[in-house]
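Next come the chains, spelled out residue by residue.
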Amino acid sequence: MAIRIDSLSKCFGTLQVFDNLSLGLEEGRITALLGPSGCGKTTLLNLLARILLPDSGTIEGLEGRRISYLFQEPRLLPWETAEDNIRFVLDGKMGREEGEARLDKFLGLTDLEEFRGFYPYQMSGGMRQRLAIARAFAYPSEVLLMDEPFQGLDLPRKLDLISSFVRLWAAERRTTIFVTHDVQEALVLGDEIVLFSGPPAKPREVFGNPAGISERNLENPELIELEKRLYVSLLGSGRAPLT
Ligand code: ADP
Ligand code: MG
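This structure is a prediction, so every number in the text was calculated from the model and none was measured.

**Q** Can you tell me about the overall build of the chain, naming the residues and giving the values?
**A** Helix and strand counts for the chain come out as seven helices and nine strands. Against the compact-globule benchmark of 18 Å for 243 residues, the chain has a radius of gyration of 18 Å, which places it among compact chains. Summarising its shape, the C-alpha atoms of the chain cover approximately 55 × 40 × 30 Å along the three principal directions. Here the chain holds 243 residues, and 49% of them are scored as buried. Split by element, the accessible area of the chain, about 11,600 Å² in all, is 51% carbon and sulfur. A distance of 2 Å separates the average location of the 28 positive side-chain charges in the chain from that of its 35 negative side-chain charges.

In structure tokens, the structure reads:
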């Protein structure tokens with residue numbers, strides 16, 4: 001295991017979000033952490049990124065590594081153009097020529113080439129999030145943390161954005177930890193899907209994705225089968241009808 005979370009505990013006042021959580025995350029793969037709202041997903045990413053410190057326990061395997069963090073909202077610099085938003089994270093990380101080549105590559109892979117001079121306010125919500133994804137990949141990180149970046153979009157736009165993500169991921173794979181409460185997102189992105197309950201957040205079950213990333217679509221029979229298993233595990237079987 002590349003990243004090892006060991007006996008992690010974290011409280012906010014009287015709320016125990018993690019109580020002795022242990023979990024390994026694999027290198028070079030996408031681990032989807034699937035859990036209900038409020039179970040501690042964002043808190044876990046913040047602990048991994050060292051934005052927050054645990055009360056006790058350790059996280060190993062991230063020391064000195066470059067991390068990209070993709071948030072639920074794009075968090076772009078509103079006063080900079082699309083291309084300058086990307087240049088901003090490349091500054092000081094590489095020479096000018098290499099940086100410009102990287103900028104072109106990632107604008108191209110996300111179909112944003114013709115919008116490179118646009119300011120965030122001139123772009124749609126989906127385009128802004130695509131730019132944020134391009135920026136996260138352009139930054140030469142080894143680890144990518146993603147906090148529900150596809151939320152708030154209708155299904156076709158969400159799937160478009162996920163396709164952009166997959167294109168980038170295929171071009172430059174990196175260890176990815178993706179948290180979401182959305183079963184479909186976990187299915188199409190997670191190589192491993194770890195189902196959480198909580199708080200306190202506990203991994204309840206781990207599912208390996210039977211389909212390779214390029215074969216994952218919502219009509220794939222293997223994914224439909226896995227989707228059923230995830231719903232049963234999330235909701236319990238034999239739930240009463242809604243009416
Ligand atoms: P998720 O991302 O899974 O929806 P969060 O990690 O944001 O969940 O939050 C887990 C729980 O911790 C929630 O009940 C939330 O209200 C609480 N919480 C998160 N951050 C703080 C904080 N800084 N102070 C107090 N409570 C917090
Ligand atoms: Mg959250």
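Once you've had a look at it, read on.
**Q** Describe the site of ligand 1, naming the residues involved and giving the relevant values.
**A** Around ligand 1, the structure places Phe12, Leu15, Val17, Pro36, Ser37, Gly38, Cys39, Gly40, Lys41, Thr42 and Thr43. At 2.8 Å from an oxygen atom of ligand 1 is found a main-chain nitrogen or oxygen belonging to Lys41. A distance of 2.9 Å separates an oxygen atom of ligand 1 from a polar atom in the side chain of Thr42. Elements that contribute at least two residues to the shell around ligand 1 include exactly strand S2 (15-25) and helix H1 (41-48). Residue contributions to the shell around ligand 1 peak at three residues, all from H1. Here the residues of the shell around ligand 1 sort into five nonpolar, five polar and one charged.

**Q** Lay out the nonpolar core in plain terms, naming residues and giving numbers.
**A** Counting residues in hydrophobic clusters, the biggest one holds 48 residues, and the most contacted among them are Phe150, Phe165, Leu189, Ile193 and Leu230. For this core, the element with the highest residue contribution is helix H4 (residues 125-138), accounting for eight residues. Leaving out residues up to four positions away in the same chain, Leu189 has contacts with Ile30, Met146, Phe150, Ile162, Phe165, Val166, Phe178 and Arg216. In terms of nonpolar packing, the next biggest core, distinct from the first, is built from 25 residues, Ile3, Leu47, Leu48 and Leu145 among them.

**Q** Explain the pairing of strand S3 (residues 30-34) residue by residue, including any values.
**A** In terms of residue burial, S3 counts as a mostly covered element, since five of its five residues are buried. Note that S3 and strand S7 (residues 175-180) share five bridges and pair parallel. Residue pairing across strands places Thr31 opposite Ile177, the latter belonging to S7. Pairing between S3 and strand S8 (residues 192-197): four bridges, direction parallel. Its bridge partner being in S8, Thr31 is matched across the sheet by Glu192.

**Q** Lay out the packing of aromatic side chains in plain terms, naming residues and giving numbers.
**A** Per the stated rule, a full pass over the model turns up six aromatic pairs. A centroid spacing of 5.2 Å and a plane angle of 85° characterise the contact between Phe115 and Phe118, whose relative ring orientation is edge-to-face. Overall, Phe118 belongs to the partly exposed group, its relative accessible area being 30%. Ring centres 6.3 Å apart and planes at 20° place the aromatic pair Tyr119 and Tyr121 in the stacked group. In this structure Tyr121 comes out as exposed when scored by relative accessible area, which is 65%. One aromatic cluster is present, built from ring pairs that chain together Phe137, Phe150, Phe165 and Phe178. Of note, Arg75 hangs over the ring of Phe71, and the distance from its end group to the ring centre comes to 3.7 Å.

**Q** So what's going on with the pattern of salt bridges? Residues and values would help.
**A** Note that side chains of opposite charge can pair when their charged atoms are close. For the coordinates displayed, the defined rule picks out 21 salt bridges. Residues Arg65 and Glu27 are paired through a salt bridge, measuring 2.6 Å at the closest nitrogen-oxygen approach. You can see Arg65 sitting in the loop between strand S4 (56-60) and strand S5 (67-70) and its partner Glu27 sitting in the loop between S2 and S3, a full 38 residues away along the chain. Overall, Glu27 belongs to the partly exposed group, its relative accessible area being 41%. Across the pair Arg102 and Glu172 runs a salt bridge, and its minimum N-O distance is 2.8 Å. In this pair, Arg102 sits in helix H3 (residues 96-109) while Glu172 sits in the loop between helix H5 (155-171) and S7, placing the two residues 70 residues apart along the sequence. Taking the relative accessible area as the measure of exposure, Arg102 reaches 13% and is therefore buried. Among the residues examined, Glu172 registers a relative accessible area of 19% and is labelled buried.

What counts, and at which threshold
- Residues numbered from 1 in each chain as written.
- Chains lettered and ligands numbered in written order.
- Predicted model: local features only at pLDDT ≥ 70, side-chain atom pairs only at ≥ 80, totals over all residues.
- Heavy atoms only, no water.
- Helix = DSSP H or I, 4+ residues; strand = E, 2+ residues; numbered from the N terminus.
- Rg over C-alpha atoms; globule rule 2.2 N^0.38 Å.
- Buried < 20%, exposed > 50% of the residue type's maximum accessible area, 1.4 Å probe, protein only.
- Areas by Shrake-Rupley, 256 points an atom, 1.4 Å probe, with all protein chains shown as cover.
- Lys, Arg positive; Asp, Glu negative; His and termini not counted.
- Charge placed at Lys NZ, Arg CZ, Asp CG, Glu CD.
- Near = heavy atom within 4 Å.
- Polar contact = N/O pair within 3.5 Å; in protein donor to acceptor, adjacent residues only side chain to side chain.
- Nonpolar A, V, L, I, M, F, W, Y, C, P; charged D, E, K, R; others polar.
- Core = buried A, V, L, I, M, F, W, Y, C linked by side-chain atoms within 4.5 Å.
- Contact = heavy atoms within 4.5 Å.
- Pairing = 2+ DSSP bridges.
- Phe/Tyr/Trp six-rings, centres within 6.5 Å; stacked < 30°, edge-to-face > 60°.
- Lys NZ or Arg CZ within 6 Å of the ring centre and 35° of its normal.
- Salt bridge = Lys/Arg side-chain N within 4 Å of Asp/Glu carboxyl O.

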